[in-house]
Amino acid sequence: MELRERAQQILNMNWRNGYTVPSQKLYPFQWNWDSGFIAIGYAAMQNEQYFWQEIEYLIKGQWQNGFLPHIIYHNEEKYRDQYFPNADVWASSISGDAPESVKTSGIAQPPVLAFALQRGLRHLQSYDQERLRTILPSVAQLQSFYRNTRNSQGAISIYHPWESGMDNSPLWDFPLQHIGELQKWHHLRRDLEKVDDPSMRPTHKDYDAYLTLVDHLKTCNYDPETIRKKYPFQVKDILASAFFIAGEQSLAEMQRSLDIPTNTATDVDWQKMFHDPTSDDTLPYHNYDVCNRKFLPLECPYALFFLLTDHVSDQYKQQVNTFLQQHQQKMSEYPYPNLHASVYPWSAKFVPNCYWKGPMWININWTIYCGLKKHGLTKWSTKIREQILKIVDEQGFYEYFHPISGEGLGADNFSWTAALVLDLLNDTNE
Ligand code: 2M8
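Residues numbered from 1 in each chain as written. Predicted model: local features only at pLDDT ≥ 70, side-chain atom pairs only at ≥ 80, totals over all residues. Heavy atoms only, no water.

In its Sequence similarities (unreviewed entry) section, the UniProt entry covering the protein chain states "Belongs to the glycosyl hydrolase 63 family." (UniProt positions renumbered as here; feature names shortened; annotations may be inferred.)

Peer 1: Whenever I open this one, the layout of surface pockets confuses me. Can you help?
Peer 2: Of the pockets and cavities examined, the largest pocket occupies roughly 390 Å³. Along the walls of the largest pocket sit 19 residues, with Phe115, Gln118, Arg119, Arg122 and Lys374 positioned nearest its centre. Only α6 (113-123), α12 (238-257), α15 (362-374) and α17 (415-426) provide two or more residues apiece to the lining of the largest pocket. Of the residues in the lining of the largest pocket, the class split is 5 nonpolar, 6 polar and 8 charged. (1 Å grid on protein atoms, 1.4 Å probe; cavity = no way out; pocket = protein on both sides within 12 Å on 5 of 7 lines; lining within 4 Å. Points joined across faces, edges and corners; volume = space filled by probe spheres on them. Helix = DSSP H or I, 4+ residues; strand = E, 2+ residues; numbered from the N terminus. Nonpolar A, V, L, I, M, F, W, Y, C, P; charged D, E, K, R; others polar.)

Peer 1: What is the right way to look at the site of the ligand in this model?
Peer 2: The environment of the ligand is formed by 17 residues, the closest being Asp34, Tyr83, Gly165, Asp167 and Tyr355. Note that an oxygen atom of the ligand is positioned 2.7 Å from one of the side-chain N or O atoms of aspartate 167. Here an oxygen atom of the ligand sits 2.6 Å away from a polar atom, N or O, in the side chain of tyrosine 355. When the free accessible area of the ligand is taken as 420 Å², the share hidden by the protein chains comes to 100%. (Near = heavy atom within 4 Å. Polar contact = N/O pair within 3.5 Å; in protein donor to acceptor, adjacent residues only side chain to side chain. Areas by Shrake-Rupley, 256 points an atom, 1.4 Å probe, with all protein chains shown as cover.)

Peer 1: Would you mind going over empty space enclosed by the protein with me for this structure?
Peer 2: Once rolled over the atoms, a probe with the size of a water molecule shows which space is left empty. Enumeration according to the criterion identifies 4 cavities of 30 Å³ or more in this entry. Its boundaries defined by the atoms lining it, the largest cavity holds a volume of some 210 Å³. Lining the largest cavity are 19 residues, and of these Tyr27, Trp31, Gln109, Asp167 and Tyr355 lie nearest its centre. Residue composition of the lining of the largest cavity, by class: 12 nonpolar, 3 polar and 4 charged. Put simply, the second largest cavity is a space of about 110 Å³. In terms of lining, the second largest cavity is formed by 13 residues, of which the most central are Phe67, Gly106, Arg150, Tyr222 and Ile227.

Peer 1: Just to check I follow, could you spell out the packing of α15 against α17 for this structure?
Peer 2: Any two packed helices are characterised by the angle at which their axes cross and by the distance between the axes. Packing of α15 against α17 leaves a shortest axis separation of 9 Å and a crossing angle of 25°. Taken together, the axis directions place α15 and α17 in an arrangement best described as roughly parallel. In the packing of α15 onto α17, the handedness of the crossing is left-handed. Of the residues in α17, those touching α15 at Ile362, Asn363, Trp366 and Tyr369 are Trp416, Thr417, Leu420, Asp423 and Leu424. Of the residues that constitute the contact of α15 with α17, the class distribution is 6 nonpolar, 2 polar and 1 charged. (Axes fitted to C-alpha atoms, helices over the stretch in contact; angles between N-to-C directions. Parallel < 35°, antiparallel > 145°, perpendicular 65-115°, else oblique. Left-handed = near helix turned anticlockwise from the far one by under 90°. Contact = heavy atoms within 4.5 Å.)

Peer 1: In this structure, what is going on with the sheet that holds strand β1 (residues 30-31)? I would like to understand it.
Peer 2: Pairing between the strands of a sheet is mediated by backbone hydrogen bonds and can be parallel or antiparallel. Pairing is antiparallel across the open sheet formed by 3 strands, whose spatial order is β1-β2-β3. Two strands close off the open sheet at either side, each with one partner strand: β1 and β3 (103-104). (Pairing = 2+ DSSP bridges.)

Peer 1: Teacher, can you tell me more about α6 here?
Peer 2: Residue pairs three or four apart in sequence face the same way in an α-helix, which turns once every 3.6 residues. Most of α6 sits inside the fold, with 10 of its 11 residues counted as buried. Those residues of α6 that sit buried are Leu113, Ala114, Phe115, Ala116, Leu117, Gln118, Arg119, Gly120, Leu121 and His123. Buried residues along α6 sit against α2 (32-44), α3 (48-59), α7 (129-149), α12, α15 and α17. (Buried < 20%, exposed > 50% of the residue type's maximum accessible area, 1.4 Å probe, protein only.)

Peer 1: Please explain the packing of aromatic side chains as it appears in this structure.
Peer 2: For any pair of aromatic rings, the description rests on two quantities: the centre-to-centre distance and the angle between the ring planes. Evaluation of the coordinates by the stated rule reveals 47 aromatic pairs. Measuring from ring centre to ring centre gives 5.4 Å for tryptophan 33 and phenylalanine 37, while their planes differ by 55°; the resulting arrangement is tilted. Pair noted here: tryptophan 33 and phenylalanine 37 are both in helix α2, with a separation of 4 residues, about one helical turn. Take tryptophan 33: its relative accessible area is 1%, and that puts it in the buried class. Judged by centre distance (6.2 Å) and plane angle (45°), the ring pair of phenylalanine 323 and tyrosine 344 falls under tilted. Residue phenylalanine 323 is located in helix α14 (residues 314-330), and its partner tyrosine 344 is located in the loop between α14 and α15; the two are separated by 21 residues in the primary sequence. The class of tyrosine 344 is buried, set by a relative accessible area of 2%. Its guanidinium or amino end placed over the ring of tyrosine 57, lysine 60 lies 4.5 Å from that ring's centre, counting from NZ or CZ. (Phe/Tyr/Trp six-rings, centres within 6.5 Å; stacked < 30°, edge-to-face > 60°. Lys NZ or Arg CZ within 6 Å of the ring centre and 35° of its normal.)

Peer 1: Honestly, the environment of leucine 176 in this entry has me stumped. Any pointers?
Peer 2: Within the secondary structure, leucine 176 sits in helix α9 (residues 173-176). With 34 residues separating them in the primary sequence, leucine 176 and tyrosine 210 have C-alpha atoms 8.9 Å apart. Apart from the residues within four sequence positions on either side, leucine 176 is in contact with Pro161, Ala209, Leu213 and Phe233.

Peer 1: Help me out: how do you make sense of the environment of glycine 154 in this one?
Peer 2: With respect to the element layout, glycine 154 can be found in the loop between β4 (151-152) and β5 (155-158). In this structure the C-alpha to C-alpha distance between glycine 154 and alanine 240, which are 86 residues apart in sequence, comes to 9.8 Å. Non-local contacts of glycine 154, meaning those with residues more than four positions away in its chain, are made with Ser241, Phe244, Ile245, Val268 and Trp270.

Peer 1: Just checking my understanding: could you explain the nonpolar core for this structure?
Peer 2: A general feature of soluble globular proteins is that nonpolar side chains tend to end up buried together. Formed by 151 residues in total, the largest nonpolar core has its most connected members in Phe51, Leu117 and Trp366. Once residues lying within four places of it in the same chain are set aside, the contact partners of tryptophan 366 are Phe37, Ile40, Phe115, Arg119, Ile388, Leu420, Asp423 and Leu424. (Core = buried A, V, L, I, M, F, W, Y, C linked by side-chain atoms within 4.5 Å.)

Peer 1: How do you make sense of the sheet that holds β4 when you look at a structure like this?
Peer 2: Sheet architecture is open: 5 strands sit in the order β4-β5-β6-β7-β8, paired in antiparallel fashion. With partners counted over all chains shown, the strands left at the sheet margins are β4 and β8 (294-296), one partner each. Here β4 pairs with β5 via 2 bridges, running antiparallel. Counterpart to serine 152 in the pairing with β5 is alanine 155. Lying on the sheet, α12 is in contact with β4, β5, β6 (235-236) and β7 (287-289); it crosses β5 at an angle near 130°.

What follows is the structure in structure tokens.
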């Protein structure tokens, strides 16, 4: 069967009458950034109904203050025993802002919605403008939430490793050492019984830390002001910032297309905010731990995410070129030398089969692809596109891939892998 057809089948299989689960067994609800990527896939299939519904169901979980949680627990009663943490753990109702109609988590994920919505619209041959007009205020509210509560000149703070989407990346090792005593929660986990190899998943200690942070957030009643003053995990994150800034641009363009006034931020100097003056890396940009006042260097593709926005200098683009040349050379013995691992194989922190500590993820590589193409670095974007399509064709629609052998790992029939393949199959004009 053709790659396109296989991808479409996966999305149809994971569709749940209004939203799409990331994978059948492991993740039974709607996830925030997964949904953004998935909606793009439906648009690439010209399935306008599913495209809108995916986004509308996501927005059902939005809080009154604009915050968009990372999990929307649709059909919560049916699946509550199948995933941990379930909705009760979050107790989101302690915030007066949480919706009553559906239960949600109390943390976010990279704010991909505005960017994904606009990218999806570009795929659709025609679309219902009134439906866009109805959705845009929620998107604008989400962007305002970030602008007003998480932002410092375009550098966005995240409050939990899960907010990064890269849950157990070594990026969080240092800040997690400073969150105080850990509570024991890991005995409640459900994920380990659903995977073939538990060593690919985060450790028990990771889970204890994740849930201890949730306890802290509840103590702050999920109130942004209280969190900012008292909460022990606050990291300025490049990926979240990239999607926020790209989202500001997407939102402004969509608003203008419908003659809606826009007040998105344009005066951002966010690349400077992440510049580590002590680093001698080719790309000397790192996440920043606000609570412990420390940059968090790691050999990983983080510094490439700036490309998603308009706000990059020519000097930076040259640095990117050099960086990618070096990367290709170092990867030359592996089967997919232009794909980026979540942690590079030459890092001391690299674990090739463990989730966000080494494996290659399609959404990360697709994000880098979009940025490179946007800035005309097509020599590299073409290679990434070809290799994403090749690895998925050869290995299957996996959640992530072993960077050395290329083997597919984690959940099979993974929704965002299918959706982003559909995007790339349509995106042929280099
Ligand atoms: C993974 O995260 C969830 C928690 O949010 C989990 O491990 O249970 C991450 O890969 C995250 O980025 C992704 O959105 C989610 C669903 O695919 O799974």
